[in-house]
Amino acid sequence: MEFDNAIAYVTAIKKRFEHQPETYKAFLEILHTYQKEQKTIASVYAEVATLFQGHPDLVEEFTRFLPDGEGRIRRNLT
């Protein structure tokens, strides 16, 4: 179920930014870099929040994928 939600979220981002493919690619790169370099989740959230500035629904939905207990990151960064 959670995997399906993640796929739906990424699909929604791709569709939202279909005329701005660089934004979609930047989002994927942020996730890839996190996975590869083990960035902190706080820095990933900050990058995603900046990338999706003006799209608070996408930022809010992204927080649902943060590990348990990481919701405080959003409160501290906003």
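Presented here is a report on the structure given in the accompanying data block.

### Looking at the side chain of Thr23
Mapping Thr23 onto the fold places it in helix α2 (residues 21-37). Contact partners of Thr23, with chain neighbours within four places excluded, come to Phe17, Leu51 and Phe52.

### Structural notes on the packing of α2 against helix α3 (residues 41-51)
Contact geometry of α2 with α3 gives a least axis separation of 10 Å together with a crossing angle of 180°. By the criterion of interaxial angle, the relationship of α2 to α3 is roughly antiparallel. Contacts between α2 and α3 pair Thr23, Ala26, Phe27, Ile30 and Tyr34 from the former with Ile41, Val44, Glu47, Val48 and Leu51 from the latter.

### Things to note about α3
For α3, the set of buried residues is Ile41, Val44, Tyr45 and Val48. Taken around the axis of α3, the buried residues stretch over an arc of 100°, which confines them to a single face.

### A short note on the nonpolar core
Taken as a class, soluble globular proteins show a tendency for nonpolar side chains to be buried jointly. Grouped together as the largest cluster of nonpolar side chains are 15 residues, with contacts concentrated most on Tyr9, Ile13, Phe27, Val48, Phe52 and Phe62. Looking at this core element by element, the count peaks at 4 residues for α3. In this view, Ile13 contacts Tyr24, Phe27, Phe52 and Leu58; residues no more than four positions away in its chain are not counted.

### Let's talk about α2
Relative to the 24 Å expected for 17 residues at 1.5 Å per residue, α2 spans 24 Å between its end C-alpha atoms, a close match to the ideal helical length. Where α2 is concerned, the buried positions are Thr23, Tyr24, Phe27, Ile30 and Thr33. The inward-facing, buried residues of α2 abut α1 (2-16), α3 and α4 (56-63).

### Quick look at the environment of Glu2
As for its position among the elements, Glu2 is in helix α1. Note: C-alpha distance between Glu2 and Phe65 (63 residues apart in sequence) is 8.6 Å.

The rules we used
- Residues numbered from 1 in each chain as written.
- Predicted model: local features only at pLDDT ≥ 70, side-chain atom pairs only at ≥ 80, totals over all residues.
- Heavy atoms only, no water.
- Helix = DSSP H or I, 4+ residues; strand = E, 2+ residues; numbered from the N terminus.
- Contact = heavy atoms within 4.5 Å.
- Axes fitted to C-alpha atoms, helices over the stretch in contact; angles between N-to-C directions.
- Parallel < 35°, antiparallel > 145°, perpendicular 65-115°, else oblique.
- Buried < 20%, exposed > 50% of the residue type's maximum accessible area, 1.4 Å probe, protein only.
- Arc of directions from axis to C-beta.
- Core = buried A, V, L, I, M, F, W, Y, C linked by side-chain atoms within 4.5 Å.
- Expected span 1.5 Å × (residues − 1).

By themselves, these are just geometric observations and shouldn't be taken as functional.
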